[in-house]
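The chain contents come next:
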Amino acid sequence: MSITDITELISKDARHVPLGLLDKEYGSIIEVLGRVPTDVELAMYSVMWSEHCSYKSSRIHLRRLPTKADHVLVGPGENAGVIDAGDGVAVALRIESHNHPSFIEPYQGAATGVGGILRDIFTMGARPIALMDPLFVGPLEDAQSRYLLDGIVRGVGGYGNSVGVPTVGGQITFDRCYERNPLVNVFCLGVLPIDRLVLGQASGVGNLCVLLGSRTGRDGIGGVSVLASAGFREDEGGAKRPSVQVGDPYEEKRLIEACLELLDAKLVVGIQDLGGAGLACATSETAARGGVGMDVDVLAVPRREPGMSAVEVMTSESQERMLAIITPSSLDQVLEVCRRWEIEATVIATVTGADESGVGHLRILDGPDGPVLADVPARSLADEAPLYDRPMLEPANLDERRDTGPANALVSSDYSEDLKSMLVDPAWIYRQYDHQLFVNTIFGPGDADATLLRLAGPGISHTRKGLAMSSDANAAWCAVDPRRGTRATVAESALNVSATGATPMALVNCLNFGNPEHPQVMWELSETVDGMAEACSALSIPVVGGNVSLYNESAGRDIDPTPTVAVVGLIDSVVRRPPSIGWIARDRIILLGERSANVGGSRWARDVHGVRTGQIDEVDLAKHKVLCEFVAQLVREEAGAEVAPGLVHGIHTVGDGGLGVALAEMSVASGVGCEIDEIVDHRELFSESVSRAVIATGRADELISRARSMGIAAIAVGVAQGDRMRVSQLVDIGLDELSSRFHDRIERALGEIASH
Amino acid sequence: MSVNIAIIRFPGSNCEFDIEEAIGKLGANAHIVWHQEHDLSGFDGVIIPGGFAHGDYLRCGAIARFSPVMDAVTRLARSGGPVLGICNGFQVLTEAGLLPGALMRNAGLRFVCETVEVEVTSNHSPLTSQVALGTRLRLPVNHGEGNFTCDEATLAEIESGGQVVLRYVDNPNGSLNDIAGISNREGNVVGLMPHPERAFDLVVGSDDGVPLLASFVRFVEEHVASHVAVGRA
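Keep in mind that this is a model prediction, so the values were computed, not measured.

(A) Structural detail: the overall build of chain A. Each helix and strand in chain A was counted, giving 27 helices and 28 strands. For a compact globule of 756 residues, the expected C-alpha radius of gyration is about 27 Å, and chain A comes in at 26 Å, within 12% of that figure. With respect to the three principal axes, the spread of C-alpha positions in chain A is 80 × 55 × 50 Å. Among the 756 residues that make up chain A, the fraction classed as buried is 65%. Expressed as a percentage of contacts within chain A between residues at least 6 apart in sequence, the contacts between residues at least 24 apart total 83%. Put simply, chain A shows about 24400 Å² of open surface, and 50% of that area lies on carbon and sulfur atoms. Distance between charge centroids for chain A: 2 Å, based on 66 positive and 103 negative side chains.

Okay, here's the thing in structure tokens:
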């Protein structure tokens, strides 16, 4: 077919427009097929070639991330990354966003975000044992943001608690850039015996594809295309509500148990979850990965309601479904396991061979011998989506935005009040989450800089090994300089993990950005990827998976670039709880890392003074690596030795809110105040220069000399004592007040306790 | 001889592996038993673990009480056998009529997961028979429906009968009279909202659950010994 023929066809036929496909994309489909697509084919291309599924705007950049290391068993591109944790145990991890649905319907949006990420983990053969939920909403002063926060937290808890996977960490960020566009990122980690590792791949001509779990309904149709791959115009949310899926954690719980049992019994050749783009995605991806074809009998798919069209069945995003590829001889056993777990299981497709030119075809049939509704190369759906190198534009006013002058000229009349206003205890959130199930939680949310679990789970017996994880993001740093901000974010996350004694082993990222058709957003994305690549290379942390969420814009306003990272680390021996946030009376308080008097990019400048310009200090990644290894060593000695050396009593990294917030949190956690005499001014108090940690010790000289022998700056800044937090010339707050301002912040804003 | 303890697994249970490990550490044989079993002969005691049996749809425990295994649990309980329900297991036991009262949604209508202090207020149960009265224990709670309630006559009866075995020091859910755990009149069936199996190692924050579950295992052993003795007499 000639180009003019195609152009003429497109001009007559506008079927692709409401499906979110561009004219040139429609043209590519015609080119691939050599003919006009059927309705079913067109619908499948529209969801598989959506931004959400195909990463068509970001793939070209993501290639620059370092993904390899000896311990990486599965890198990006599969359902989840997998690393070798030693002793025959592997760890699967992934992070995803469910941003758009959570704005439209916060409870179900967040709940199905949890459900979706869990399936990505157990589809690898891993039992999910931990969730983390980095959340980003508008300010607490905004009524709609409070409503969204409440719904999102109830949704995460409602699903996670019931499905039986603890939510062991996360973070909460309040910022006006998330008003009307909250971000709900969900991280999940699972453990598996290495020999249970399975890939989402179809193989074996004649093998059967069994659809497990929920019936297919009309919910979530077009979720990945019309919902997740477009921004919100004014007051559009309600109209898109039918594109949000509805979750059933009880169905998912039985699905997890049934799938793990099938995998343990070696009854499955390949398995894939159904998430975005539903059956179109699961069938085409498994066939494409295996280089085979597949005949799908669309009439065989169990439905929730009569009258559903083949298009609806193939693109529905109904939750709690899996596609298992099995040999015909194991069908009876598979059905028996599913019957016991009360899981519906139906053969819906057969694996077919590739054609003479080696192309596997995905065919959709209306009944076993019925008419062919679609016949497309599986790979063209899964792997051959258009790749865009979208225009990028560096913002014109960069120098002005990066100038630290205005922030550093700011002064306040009452730094005690400033500090109190910056304290937020996320306990209101995590108290609503089961964070203890499986009895692995050594440090749960709020206890330490990172979550620390025993490396264990049902079927994986306890050793002394521990698994640390931290999720981090700081859009304010990235808004001013995405590259530097992302480097700092990765550095912060690695240090958080190190502060529990663990060595960082892998990173997954969730890149939340605005509209990729805005050249400035593409520039932000590209800079972010470079910053992440630089930091991960320097710190030797491979990127094993990721997710990109674009079109985070509301009423034409893009969110600040928000790359969320989650770093996972391992520690060999935990025989007692390591030191964490806190200290004991008479401890000397030591600051490790370089002093800074720069409040550019800080929360103090932003939240107290409304100044959003000025960038944070550059991180020296080589020095940072030494610092990470040093603090990990100190904590490991306390956690794993037969006799704890007792050198470190408490540790807290310095990040959002600077030294001031770090010291306040250590005071509140221990119930012991502090007397700080080595902070020169308010800038040093609130600077967010990363690559720093506060350590409490009874043996200051020993600690300082050990640090300095590694080339790490270390000074004593004060003493833990009394019932007030005092920083000379700047801060004087009673512990009771400090504590109540910290603990009650969210409850007061929500009106659950009386305002003061 | 180690005793055999059945841990009932419903679809939707999620604490079965945690309690299995804890009971194993105490030297008893823990066996996970599927909810469709009809026969519990061969078991000396039963534990119904936490979770969301049958999704907790309709009402917590309301569907689980109709699972086939519950007839056998009821028979074992009526014949004096030791039965323990933890969290969702407590809810199931009240729905099944093996314990009085009911568990409503938490005051404040939010799920609560935190470590709280409870006080042992009666020895009249398998869980507390070996623990000194007045002992205070730090135990995790994790529930949306832990707000114990009952009518006035029942409350008077369980209070005077020494059936309130654990009380919250600082009530997290609005429970009547700060009740965290109760036993039946006979003292062989006990339920509690806190999770003793989650407090089994200082490395995870508390090992205060050990004395309670050790007491339960000991009670089962004594129950077996007394039956053997009766059988021989």
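(B) Molecular detail of the overall build of chain B. In terms of regular secondary structure, chain B is built from five helices and eleven strands. Taking 2.2 N^0.38 as the reference for a compact globule, 233 residues should give roughly 17 Å; the C-alpha atoms of chain B span a radius of gyration of 16 Å, in line with that estimate. Structurally, chain B occupies a C-alpha span of about 50 × 40 × 40 Å along its principal axes. Each of the 233 residues in chain B was classed as buried or not, and the buried ones make up 58%. Pairs at least 24 apart in sequence give 74% of the contacts found in chain B among residues at least 6 apart.

(C) Expanded view of the environment of Ala 300 of chain A. All names here are of chain A. Locating Ala 300 in the fold gives a position in the loop between strand 9 (293-297) and helix 12 (310-315). Assessed through its relative accessible area of 24%, Ala 300 is described here as partly exposed. Separated by 291 residues in sequence, Ala 300 and Leu 9 place their C-alpha atoms 34 Å apart. Ignoring anything within four residues of it in the chain, the contact list for Ala 300 reads Thr 346, Val 347 and Ile 348.

(D) Region of the structure containing the interface of chain A and chain B. In this complex, chain A contributes 37 residues to the contact, which on the side of chain B involves 34 residues. A buried area of about 2800 Å², summed over both sides, lies between chain A and chain B, and 53% of it is on carbon and sulfur atoms. Sorting the residues of chain A by area buried against chain B places Tyr 250, Gln 436 and Val 439 of chain A first, and these three jointly supply 22% of that buried surface. Taken together, chain A and chain B are joined by five salt bridges. For Glu 752 of chain A, the salt bridge identified is with Arg 110 of chain B, shortest N-O distance 2.6 Å. Breaking the side of chain A that touches chain B down by element, the ones donating at least two residues are helix 8 (143-163), helix 10 (249-264), helix 18 (427-430) and strand 14 (441-443) of chain A. If one sorts the elements of the side of chain A that touches chain B by residue count, helix 10 of chain A sits on top with five residues. For the side of chain A that touches chain B, the per-class residue count stands at 13 nonpolar, nine polar and 15 charged.

(E) Main features of the packing of aromatic side chains. As enumerated under the stated definition, the model contains seven aromatic pairs over all chains in all. With a centroid separation of 5.0 Å and 75 degrees between ring planes, the pair formed by Tyr 45 of chain A and Trp 49 of chain A is classed as edge-to-face. Neither residue differs from the other here; Tyr 45 of chain A and Trp 49 of chain A are each classed as buried. When the ring centre of Tyr 250 of chain A is taken as origin, the NZ or CZ atom of Arg 254 of chain A, which lies over that ring, is 4.2 Å away. Just above the ring of Trp 34 of chain B sits the side chain of Arg 340 of chain A; from NZ or CZ to the centre is 5.0 Å.

(F) A look at the nonpolar core. If you look at the biggest cluster of nonpolar residues, it comprises 67 residues, and the most contacted ones within it are Ile 8 and Val 73 of chain B. Excluding residues within four positions of it along the chain, Val 73 of chain B makes contact with Ile 8, Leu 40, Val 46, Ile 48, Val 83 and Leu 98 of chain B.

(G) Main features of the pairing of strand 9 of chain A. Residue and element names in this part refer to chain A. Taken across its five residues, strand 9 has five buried, putting it largely inside the fold. In strand 9, alternate side chains face the same way, and those of Gly 293, Asp 295 and Asp 297 on one face and Met 294 and Val 296 on the other are all buried. The pairing of strand 9 with strand 11 (residues 345-352) spans four bridges and is antiparallel. Directly across from Met 294, in strand 11, lies its bridge partner Val 351. Pairing of strand 9 with strand 12 (residues 361-365), which is carried by four bridges, proceeds in the parallel orientation. Across the sheet, the residue bridging to Asp 297 is Leu 365, located in strand 12.

Reading the values: the criteria
- Residues numbered from 1 in each chain as written.
- Chains lettered and ligands numbered in written order.
- Predicted model: local features only at pLDDT ≥ 70, side-chain atom pairs only at ≥ 80, totals over all residues.
- Heavy atoms only, no water.
- Helix = DSSP H or I, 4+ residues; strand = E, 2+ residues; numbered from the N terminus.
- Rg over C-alpha atoms; globule rule 2.2 N^0.38 Å.
- Buried < 20%, exposed > 50% of the residue type's maximum accessible area, 1.4 Å probe, protein only.
- Contact = heavy atoms within 4.5 Å.
- Areas by Shrake-Rupley, 256 points an atom, 1.4 Å probe, with all protein chains shown as cover.
- Lys, Arg positive; Asp, Glu negative; His and termini not counted.
- Charge placed at Lys NZ, Arg CZ, Asp CG, Glu CD.
- Buried area = accessible area lost by both parts, 1.4 Å probe.
- Salt bridge = Lys/Arg side-chain N within 4 Å of Asp/Glu carboxyl O.
- Nonpolar A, V, L, I, M, F, W, Y, C, P; charged D, E, K, R; others polar.
- Phe/Tyr/Trp six-rings, centres within 6.5 Å; stacked < 30°, edge-to-face > 60°.
- Lys NZ or Arg CZ within 6 Å of the ring centre and 35° of its normal.
- Core = buried A, V, L, I, M, F, W, Y, C linked by side-chain atoms within 4.5 Å.
- Pairing = 2+ DSSP bridges.

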